Structures are given as C-alpha cells and as structure tokens.
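Fold and geometry: a report
Listed below are the residues making up each chain.
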Amino acid sequence: MKLKPSLFPAILLIALLTIQLLPGCAPSPERSRLEHIEAIIDEHPDSAMTLIDSIDTAALRSDRDRALYCMLLTEALDKTHRNPANDTLITTAIDYFADKGDRRREMIATYYGARVQYLNNDFSHAIVRFFRAKEIAEELGEHFWHGIAARGISDISVSYTHLRAHETSLHL
C-alpha cells in the first residue's frame with residue numbers, strides 16, 4: 001500500500017506531536033519515591049522525612065505529584081513534631097484531591113490542614129477542617145481517621161476552654 005503524498009505531512013505532524021507530548025504525560029521520576037514515602041510514613045515518619053527532604057521538587061511534573069508531595073511533607077512535619085508556619089502547602093493538596101475526587105487523600109490532607117491550623121492557634125478554621133475530615137472519614141468507613149479527627153475537635157474544645165478560663169482570670 002502506497003501512501004498518498006498529501007497524507008505524509010499529516011502523519012509526520014501527528015508522529016512529532018505524539019513524541020513531544022508523551023514525556024509530559026509520563027509520571028515524574030519522583031512519583032515512585034513519593035508512593036514509597038506514602039507507604040512507610042505511618043510506621044517510619046523520620047525515614048519518610050529524610051526521603052521527602054531528598055525529593056527534587058523541580059522534577060515533580062504533574063499537579064498530582066506536587067499535591068502528594070505537599071501532603072506528605074505536611075504529614076511528615078507533623079509526625080516529627082515540626083510545624084509549618086502556615087497552611088499554604090497543605091491547602092494546595094486539599095484543593096487538588098478534592099477537585100480530582102480522591103476522597104481518601106482529600107481526607108488525610110484535610111486532617112493535616114486542620115492540624116497545621118490548630119498548632120498555629122487558628123482554632124476557628126481548624127475546627128471546620130477537622131469536621132470536614134471526620135465527615136469524609138465517616139463516608140469512607142475510615143474509623144481511624146474518623147477518630148483522630150474527632151480527637152482534633154475535642155482538643156480544640158479543651159484549648160478553647162483553657163483560653164477562656166485564662167481570659168476570665170485576667171479580668172478578676
């Protein structure tokens with residue numbers, strides 16, 4: 001079968017576009033490392049933190065990989081008792097996973113977003129996120145996450161009670 005001369009440029013153009021676009025569709029070289037970190041973070045948070053610190057963030061090609069990195073970084077910081085100064089990174093992850101319908105990661109990111117806000121004494125925003133994480137956990141049947149989100153809500157209640165008691169004692 002001989003190609004018509006008029007089809008050759010079209011086929012060549014499609015082949016070149018395919019070659020150019022394929023690398024953009026490929027997962028970043030760091031994706032497998034991120035997935036490994038996600039698998040070990042609960043049992044080995046210090047090792048996970050070390051691995052996260054070694055990630056080349058410039059090599060994170062997709063929004064998914066960047067969101068996963070932000071979630072894992074925030075989670076590892078929390079588990080190693082270091083607190084981010086603000087919730088900018090984790091908010092990126094929450095928004096991404098919510099938009100993509102990845103409910104489990106949305107739940108985890110929302111919980112850690114609440115933790116960042118709680119640790120920075122932003123109780124009014126933290127409680128909203130803890131309730132959201134608890135709601136998603138309930139929908140997914142994730143009893144562990146439901147429980148720790150409820151604990152976060154309780155921690156805010158206790159913190160608020162202590163704060164009010166302190167304020168009252170100052171006015172006496």
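Residues numbered from 1 in each chain as written. Predicted model: local features only at pLDDT ≥ 70, side-chain atom pairs only at ≥ 80, totals over all residues. Heavy atoms only, no water.

**Some points on the overall build of the chain**
Looking only at helices and strands, the chain features 8 helices and 0 strands. Split into buried and exposed, the 172 residues of the chain put 37% on the buried side. Put simply, of all contacts in the chain between residues at least 6 apart along the chain, 60% involve residues at least 24 apart. Summing over all exposed atoms, the chain offers an accessible surface of approximately 10,600 Å²; the carbon and sulfur share of this is 59%. (Helix = DSSP H or I, 4+ residues; strand = E, 2+ residues; numbered from the N terminus. Buried < 20%, exposed > 50% of the residue type's maximum accessible area, 1.4 Å probe, protein only. Contact = heavy atoms within 4.5 Å. Areas by Shrake-Rupley, 256 points an atom, 1.4 Å probe, with all protein chains shown as cover.)

**Focus: the packing of aromatic side chains**
Counted by the stated rule, this structure contains 7 aromatic pairs. Between the aromatic rings of Y96 and F97, the centroid separation amounts to 5.4 Å while the plane-to-plane angle is 75°, which identifies the pairing as edge-to-face. F97 gets classed as buried once you look at its relative accessible area, which sits at 1%. Here Y111 and F130 contribute two aromatic rings whose centre-to-centre distance is 5.7 Å and whose plane-to-plane angle is 55°, an arrangement assigned as tilted. Pair noted here: Y111 is in helix α6 (residues 103–119) and F130 is in helix α7 (residues 123–140), with a separation of 19 residues, a long-range link. Like F130, Y111 is buried. A network of ring pairs unites the aromatic residues Y111, Y112, F130, F144 and W145 as a single cluster. (Phe/Tyr/Trp six-rings, centres within 6.5 Å; stacked < 30°, edge-to-face > 60°.)

**Side note on the pattern of salt bridges**
Side chains that differ in sign of charge can pair as their charged atoms come close. Evaluation of the coordinates by the stated rule reveals 16 salt bridges. For R66, the salt bridge identified is with D63, shortest N-O distance 2.7 Å. One end of the pair, R66, and the other, D63, are both in helix α4 (residues 63–79), 3 residues apart, so they sit about a helical turn from each other. Residue classification places D63 among the partly exposed positions, given a relative accessible area of 48%. Close ionic contact of D65 with R64 constitutes a salt bridge, the shortest N to O distance being 3.3 Å. With respect to burial, D65 and R64 carry one shared label: buried. Linked through salt bridges whose partners overlap, the residues forming this network are R103, E106, R132, E135 and E139. (Salt bridge = Lys/Arg side-chain N within 4 Å of Asp/Glu carboxyl O.)

**A few points about the environment of S154**
Within the secondary structure layout, S154 lies in helix α8 (residues 143–170). Between the alpha carbons of S154 and I127 there is a distance of 9.3 Å; along the sequence they are 27 residues apart.

**Quick notes on α4**
For α4, which comprises 17 residues, the first-to-last C-alpha distance of 24 Å matches the rise-based estimate of 24 Å (1.5 Å per residue) to within 8%. Judged by how many residues are buried, α4 sits mostly within the fold: 14 of 17 residues are covered. Positive phi appears at H81, one or two residues downstream of α4, with a value of about 60°. (Expected span 1.5 Å × (residues − 1).)

**Description of α7**
Between the first and last C-alpha of α7 there are 25 Å, a value that for 18 residues agrees with the 26 Å anticipated at 1.5 Å per step. Every buried residue of α7 is listed here: F123, A126, R129, F130, A133, I136 and A137. Viewed along the axis of α7, the buried residues span an arc of 145°, placing them on a single side of the element. Seen from the buried face of α7, the exposed residues on the opposite side, beyond 90 degrees, are S124, V128, E138 and E139. (Arc of directions from axis to C-beta.)

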